[in-house]
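Chain by chain, the residues run as shown.
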Amino acid sequence: MPGIRVAIACFFAALFLYSPALCAGGKIDFNFKGAFHQGGLVTGKAPAGSTLHFEGRALRISRAGAFVIAFGRNAKADADLAYRLADGSEGVRHLTIASRDFPTEKINGLAADKVTPDAARMARIRAEGALLAKARRGDHDEAFFVNGFSWPVLGRISGVYGSQRILNGVRRSPHSGTDIAAPRGTPVTAPADGIVALRHLDMFFTGQTLVLDHGHGLFTVYAHLDRIDVGEGARVKKGDPIAIIGATGRATAPHLHWGISWFGIALDPQSAAGAMPATTPPITKAR
Ligand SMILES: [Zn+2]
């Protein structure tokens, strides 16, 4: 438990007024990029030869020093990044994670089998959930994410991350990604370099589904596709066309469900990609 060791070291350091700044991590510039809020994805650069632990998890650090930390939808207000430098000195950077208000969506009058699937369907849904979880379990050592994430398609945001859906009065799990409405056939491009981790042509909820591995536990998922243009194991570059928009699976109109996860923790794609660039002409078509 490096955190406890560091806390004890800092306690004595504070007693003797010895280098308290190091205990707060104030001397090290981790060059953080990203949002310190619930659902946020942050990348950083560690000094050569250092090791990092974030909330007890040993972080992978690339040869160039790149690393990832991220905060789930219900992340606590504070988190600790413990570090040990090449010279053996240790410290902790205390991070403050801003909380967010997520909208609640109540939808009533849905067909009962859409809300509570029968036993056979439940078995299929569970099996597909396990496939998706397995595809996103990796921890590839290449830092494909270092150049950030761009939008895989431009269009109207028709569903936001974290919203709580209550269908016919039944509370479902929060929305795990961002929905972007666009006409069927619109190309979807890779938001960052990566490797195709899963290509599935018929999932109950997500229809034609694609998963990309961006390294260090970061994955993106693309759902409701009309066609997938890349095979499992293929390497893609940021901006490469990978699929086209559709409405397969449980979708009422063509849109992309885009998700980002870090070791299975769903993050906010909108937060990772930043403001969507303006489209010309403006997309006004309703979903
Ligand atoms: Zn969605």
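Before any of the text, the structure's been laid out above.
A short tour of the structure in this document, coming up.

Structural notes on the sheet that holds strand β19 (residues 241-244)
Logical step 1: Read across the sheet, three strands follow the order β13-β19-β17 without closing on themselves; strand pairing throughout is antiparallel. A strand with exactly one partner marks an edge of an open sheet, and here the two such strands are β13 (187-189) and β17 (227-228).
Logical step 2: Sheet topology places β13 next to β19; three bridges connect them, and they run antiparallel. Opposite V188, over in β19, you have A243 as the bridge partner.

A closer look at the side chain of Q164
Logical step 1: Relative to the helices and strands, Q164 resides in strand β10 (residues 164-167).
Logical step 2: Residue Q164 is classed as buried on the basis of its relative accessible area of 9%.
Logical step 3: Polar side-chain contacts of Q164 include one of 3.4 Å to the side chain of R171.
Logical step 4: Side-chain polar atoms of Q164 contact the backbone oxygen of R172, separated by 2.5 Å.

Points about the layout of surface pockets
Logical step 1: If you add up the space inside the largest pocket, you get close to 1400 Å³.
Logical step 2: Looking at the largest pocket, it is lined by 41 residues, and the ones nearest its centre are R165, H175, F205, T206 and R250.
Logical step 3: Residue assignment for the lining of the largest pocket shows that the elements contributing at least two residues are β8 (104-107), α4 (119-135), β9 (156-159), β10, β16 (218-225) and β20 (255-262).
Logical step 4: The element best represented in the lining of the largest pocket is α4, accounting for six residues.
Logical step 5: When the residues that make up the lining of the largest pocket are grouped by side-chain class, the tally is 17 nonpolar, 15 polar and nine charged.
Logical step 6: The volume enclosed by the second largest pocket comes to roughly 330 Å³.
Logical step 7: Contributing to the lining of the second largest pocket are 20 residues, with K33, T43, F145, V146 and G148 lying nearest its centre.
Logical step 8: Secondary-structure elements contributing two or more residues to the lining of the second largest pocket are β1 (33-34), β2 (41-45), β5 (66-70) and α5 (269-273).
Logical step 9: Top contributing element to the lining of the second largest pocket by residue count: β2, with four residues.
Logical step 10: Of the residues contributing to the lining of the second largest pocket, the split by class is nine nonpolar, nine polar and two charged.

The rules behind these values
- Residues numbered from 1 in each chain as written.
- Predicted model: local features only at pLDDT ≥ 70, side-chain atom pairs only at ≥ 80, totals over all residues.
- Heavy atoms only, no water.
- Pairing = 2+ DSSP bridges.
- Helix = DSSP H or I, 4+ residues; strand = E, 2+ residues; numbered from the N terminus.
- Buried < 20%, exposed > 50% of the residue type's maximum accessible area, 1.4 Å probe, protein only.
- Polar contact = N/O pair within 3.5 Å; in protein donor to acceptor, adjacent residues only side chain to side chain.
- 1 Å grid on protein atoms, 1.4 Å probe; cavity = no way out; pocket = protein on both sides within 12 Å on 5 of 7 lines; lining within 4 Å.
- Points joined across faces, edges and corners; volume = space filled by probe spheres on them.
- Nonpolar A, V, L, I, M, F, W, Y, C, P; charged D, E, K, R; others polar.

Such coordinate-based values are descriptive only and should not be taken to indicate function.
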